[in-house]
Amino acid sequence: MTKKKALGKGLGALLENVETDFHGGLSVPSSTSSTGMIDEVQIEDIEVNPFQPRIDFDENALSELAASIAEHGIIQPITLRKSGRNQFQIISGERRFRASQLAGLKSIPAYVRDANDQTMLEMALVENIQREDLNAIEVAISYHRLIDECELTQEELGQRVGKKRSTVTNYLRLLKLEAEIQLALKDKKISMGHARALLGLENKAERIALFHRILNEELSVRKVESIIKGKAANEQQFKSKIILTPIEERIKDELSSLLDSNVKIRSTVDGKGKIEISYQNQSELRRIAEKLNY
C-alpha cells in the first residue's frame, strides 16, 4: 500500500521566501539561517539534545505513534539545529524522531535552523500565519512552533498574531487529534467545527468511529455535536444506575433493618459514593438519630 503524503503544499511552502542553511544538501553562510523550509534529513545524521529534560517515553504510546507514522507519514516536522557538517541536533520533536526510528524511516522532514535565529523565526512565522491559504493544521503547527521554539505563552502568541487566547487554544488542540483526522481536516474533508466537536470525545476508538461516520454519512457539525451530547448523557445515566457490589448490598440491607427505614447507597465507578436515609417526618428523624446514638 502506498503511504499517504502527510505534508500539504501549503505547509511545504510555509515561509518559502526565507533562505535556508540546509536545503538540497547545499550549505550556505549561517547568516542566512533556516526559519521555515522543510527538508528531508537522514535519521542517522540526527542526535538527540543532551540537555533534553525529558528522558522517559511511554513505550506503548511510542509504538502507536510509530504505527501512525508508518501509515500516514509525518504530519508535523521536527526542528533541528546544525551541529556540524551533515550533523544535526534535535531542538523539538524527539518523540516523533524516536517513533520514526521505530517505523523504520530512513529520513524525516525537518525545519533546520541556527540556534540563534529565534527573532528571525518569530518574525517570519507571525508574518506568514496571516496567509489566507493556510489550512487549520498548518496554522496550528505554526502556533505550536512559536510557543515551543520562541518560548511564548498562549497569551503572548495571541498578541503577536492578533487573535484571542481561546482561538489560539482551539487551534493547538487540533494537534491532539489522530493523524488521519488531521489529514482529513487539512484536505478539507471535514471542517474546523467537525474537528473541534470530535475533541469532545476522550475515547480514541469512539473518536475514530465517529470521524468515519462523518465521512460516510456526511454528518453536519450540529449533528456530530448532538451525537456527542447524547453519548455523554447516556454515560451519565449509566453511571447513575451502577450496580452495587455484594458488600454494598449487604450493608444497605443491614442499615435498613437496623434503622427500620429506607436506605439507599449510590456508588460510582471509582469506588466513591454516598448513603441516603429516608424519613417521613421529624419524629421519624429523631428515632433514626437515637438509633445512631446521635
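Residues numbered from 1 in each chain as written. Predicted model: local features only at pLDDT ≥ 70, side-chain atom pairs only at ≥ 80, totals over all residues. Heavy atoms only, no water.

## Details of the packing of aromatic side chains
Turning to step 1, where the next piece is worked out: Enumeration over the complete set of coordinates arrives at one aromatic pair.
Turning to step 2, where the next piece is worked out: Seen in terms of ring centroids, tyrosine 143 and tyrosine 171 are 5.5 Å apart; in terms of plane orientation they differ by 85°. Their pairing is edge-to-face. Residue tyrosine 143 is located in helix 5 (residues 136-149), and its partner tyrosine 171 is located in helix 7 (residues 165-173); the two are separated by 28 residues in the primary sequence.
Turning to step 3, where the next piece is worked out: In this arrangement the basic side chain of arginine 145 is found over the ring face of tyrosine 111, its NZ or CZ atom lying 3.5 Å from the centre. (Phe/Tyr/Trp six-rings, centres within 6.5 Å; stacked < 30°, edge-to-face > 60°. Helix = DSSP H or I, 4+ residues; strand = E, 2+ residues; numbered from the N terminus. Lys NZ or Arg CZ within 6 Å of the ring centre and 35° of its normal.)

## Structural notes on the confidence of the model for the protein
Turning to step 1, where the next piece is worked out: With 75% of its residues at a pLDDT of at least 70, the protein reaches an overall mean of 78.
Turning to step 2, where the next piece is worked out: Low pLDDT, under 50, characterises residues 1-35; the stretch is placed with 99 contacts to residues that sit more than four places away or in other chains. (pLDDT = per-residue confidence, 0-100. Contact = heavy atoms within 4.5 Å.)

## Comments concerning the environment of valine 168
Turning to step 1, where the next piece is worked out: Mapped onto the fold, valine 168 is located in helix 7.
Turning to step 2, where the next piece is worked out: Look at valine 168 and you get buried, because its relative accessible area is 0%.
Turning to step 3, where the next piece is worked out: Along the sequence, valine 168 and glutamine 154 sit 14 residues apart, while their C-alpha atoms lie 6.7 Å from each other. (Buried < 20%, exposed > 50% of the residue type's maximum accessible area, 1.4 Å probe, protein only.)

## A look at the packing of helix 8 (residues 179-186) against helix 10 (residues 204-217)
The description of two helices packed together rests on the angle between their axes and the distance between the axes.
Turning to step 1, where the next piece is worked out: Between helix 8 and helix 10, the shortest axis-to-axis distance is 10 Å and the interhelical angle comes to 30°. Accordingly, the angle class assigned to the pair helix 8 and helix 10 is roughly parallel. For helix 8 against helix 10, the interelement crossing comes out left-handed. Along its contact with helix 8, which presents Glu180, Ile181 and Ala184, the element helix 10 presents Arg207, Ile208, Phe211 and His212.
Turning to step 2, where the next piece is worked out: Considered class by class, the residues forming the contact of helix 8 with helix 10 number four nonpolar, one polar and two charged. (Axes fitted to C-alpha atoms, helices over the stretch in contact; angles between N-to-C directions. Parallel < 35°, antiparallel > 145°, perpendicular 65-115°, else oblique. Left-handed = near helix turned anticlockwise from the far one by under 90°. Nonpolar A, V, L, I, M, F, W, Y, C, P; charged D, E, K, R; others polar.)

## Details of the environment of glutamate 149
Turning to step 1, where the next piece is worked out: Positionally, glutamate 149 belongs in helix 5.
Turning to step 2, where the next piece is worked out: Sequence separation between glutamate 149 and glutamate 122 is 27 residues; the distance between their C-alpha atoms is 8.6 Å.

## Observations regarding unusual backbone geometry
Turning to step 1, where the next piece is worked out: Positive phi values are uncommon outside glycine, yet glutamate 151 reaches one of about 55°.
Turning to step 2, where the next piece is worked out: Along the chain, glutamate 151 turns up in the loop between helix 5 and helix 6 (154-161).
Turning to step 3, where the next piece is worked out: Not every positive phi belongs to a glycine, and lysine 188 is a case in point at roughly 65°.
Turning to step 4, where the next piece is worked out: Along the polypeptide, lysine 188 turns up in the loop between helix 8 and helix 9 (192-198).

## Some words on the nonpolar core
Turning to step 1, where the next piece is worked out: Judged by nonpolar contacts, the single largest core of 29 residues is most densely connected at Leu174 and Leu210.
Turning to step 2, where the next piece is worked out: The element best represented in this core is helix 8, accounting for five residues.
Turning to step 3, where the next piece is worked out: Ranked by size, the runner-up nonpolar core spans 19 residues in total, among them Ile43, Ala66, Ile74 and Ile90. (Core = buried A, V, L, I, M, F, W, Y, C linked by side-chain atoms within 4.5 Å.)

## Side note on the pairing of strand 5 (residues 107-113)
Turning to step 1, where the next piece is worked out: Counting buried positions over the seven residues of strand 5 gives six, a clear majority of the element.
Turning to step 2, where the next piece is worked out: Pairing of strand 3 (residues 78-84) with strand 5 involves four bridges; the strand directions are parallel. From the neighbouring strand, isoleucine 78 faces strand 5, where its bridge partner is alanine 110. (Pairing = 2+ DSSP bridges.)

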